[in-house]
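# Notes for the structure review
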Amino acid sequence: MVYPNADVTKADQAREIVAFADWWQTITGADPQPLVFDSRLTTYPILDELGARGIAWVTLRQRGKKQLERINALPAAAWAKVRIDRARRYRRPHFHDEIIHIKGIGYPIRQIAIRNIGREQPTLLITNDLATPAKQIFARYAERMLIDNELAYLIAGFHLDALSSALALNVDLDTTLDAAANTYRIFARQLARYQRAQPERLHRDFIDTGGPSPSTTSPSRSRPRPTPPSCSTPASPTSTCPSPGGTTAGCDSPSHPDEHRPKRQPDFLTGNRG
């Protein structure tokens, strides 16, 4: 992580990508190339501004009903089958590459429809890069998804989205995320068959588990059973004893003092959360 900003408001959200490009240009002397981001981050006018600035960008496009109907009606010959070099599934996606115009963007852009990647409907990538092969653009955007996945694992394992405090917290987010992720990775390396497990599974299988607590009545740790004070003896059903006010008053006691004793506690308790 090189650029965190936790103070983005809804009004400033669309231009945050421009703020990042300005920051990158300041520290490196050049604009980021290519700029890959989530489709909900900004708007089409901002994409137009980025293109006018000479920044190549790649993002997703919302799948409208008419767009899907048109793409799904394409003949099989309109789709190119390619192979992606990756270790996971869906290494043979189908691409449909075309040049389109979108309202709000003053120049032609490229739309790459992708199917056979485990989704019911085609995924739509849009970019102002008209030269790079579609295979490379798709592979580059897939790398961005790894970031989303990692954040999802940390949210599930460490509940990073559960900040309920009303106080402003000054937290080094980069350090927090790195420490959280690496803690689980180091832990996983020591577990057979869990070396590649994600934090969520490790938390569920090894951290967030219940079990019996030590016996509360073991001989080595047992405590004397408390006995309530008594002001009479079994031989005297009625007697006098000091009252809370300091005077004497009659008080009855049962013939068996054990009836005053508290009920025996269970030998152990279960259900404690780890």
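Not measured: the values here are computed from a predicted model. (Residues numbered from 1 in each chain as written. Predicted model: local features only at pLDDT ≥ 70, side-chain atom pairs only at ≥ 80, totals over all residues. Heavy atoms only, no water.)

Taken as a whole, the protein shows an average pLDDT of 76; of its residues, 66% reach a score of 70 or greater. Low pLDDT, under 50, characterises residues 230–274; the stretch is placed with 55 contacts to residues that sit more than four places away or in other chains. (pLDDT = per-residue confidence, 0-100. Contact = heavy atoms within 4.5 Å.)

This part takes up the packing of aromatic side chains. Taken as a whole, this structure holds 8 aromatic pairs when the rule is applied. Here a set of aromatic residues connected by ring pairs shows up, and it is made of Tyr 3, Phe 20, Trp 23 and Trp 24. (Phe/Tyr/Trp six-rings, centres within 6.5 Å; stacked < 30°, edge-to-face > 60°.)

A few words on the side chain of Arg 144. Here Arg 144 is to be found in helix H4 (residues 134–158). Of the residues examined, Arg 144 reaches a relative accessible area of 10% and is grouped as buried. If we skip the residues at most four places from it in the chain, Arg 144 touches Val 36, Phe 37 and Asp 38. (Helix = DSSP H or I, 4+ residues; strand = E, 2+ residues; numbered from the N terminus. Buried < 20%, exposed > 50% of the residue type's maximum accessible area, 1.4 Å probe, protein only.)

For the rest of this paragraph, the subject is the environment of Phe 187. If you trace the backbone, Phe 187 turns up in helix H5 (residues 173–189). The class of Phe 187 is partly exposed, set by a relative accessible area of 27%. In sequence terms Phe 187 and Pro 199 are 12 residues apart; their C-alpha atoms lie 9.6 Å from each other.

Our focus in this paragraph is the nonpolar core. Soluble globular proteins: nonpolar side chains tend toward being buried together. Formed by 17 residues in total, the largest nonpolar core has its most connected members in Ile 17, Leu 35, Leu 50, Trp 57, Ile 105 and Ile 109. If you tally residues by element for this core, the top one is helix H1 (residues 16–28), at 4 residues. Of all hydrophobic cores here, the second largest spans 12 residues; its members include Val 58, Ile 112, Ile 114 and Leu 125. (Core = buried A, V, L, I, M, F, W, Y, C linked by side-chain atoms within 4.5 Å.)

A full pass over the atoms with the stated rule returns 10 salt bridges. A salt bridge links Asp 31 to Arg 53, with the shortest nitrogen-to-oxygen separation between them at 2.9 Å. Residue Asp 31 is found in the loop between H1 and strand S1 (35–36), and its partner Arg 53 is found in the loop between helix H2 (44–52) and strand S2 (57–60); the two are separated by 22 residues along the sequence. The salt bridge involving Asp 38 is made with Arg 40; its shortest N-O contact spans 3.5 Å. (Salt bridge = Lys/Arg side-chain N within 4 Å of Asp/Glu carboxyl O.)

Our focus in this paragraph is the side chain of His 96. Within the element layout of this structure, His 96 appears in strand S4 (residues 94–100). Within polar-contact distance, the side chain of His 96 engages the backbone oxygen of Ala 78 at 3.0 Å. Residues within four places of His 96 in sequence aside, it is in contact with Leu 74, Ala 78, Trp 79, Gln 111, Ile 112 and Ala 113. (Polar contact = N/O pair within 3.5 Å; in protein donor to acceptor, adjacent residues only side chain to side chain.)

Turning our eyes to something else, we now look at the pairing of S2. With 2 bridges joining them, S1 and S2 adopt parallel strand pairing. Residue Leu 35 lies in a different strand from S2, and its bridge partner there is Trp 57. After leaving S1, the chain enters H2 and then returns to the sheet as S2, a path that is right-handed. Pairing analysis gives 3 bridges linking S2 to strand S6 (residues 123–127), with the strands arranged antiparallel. (Pairing = 2+ DSSP bridges. Right-handed = clockwise from strand over helix to strand, strands pointing away.)

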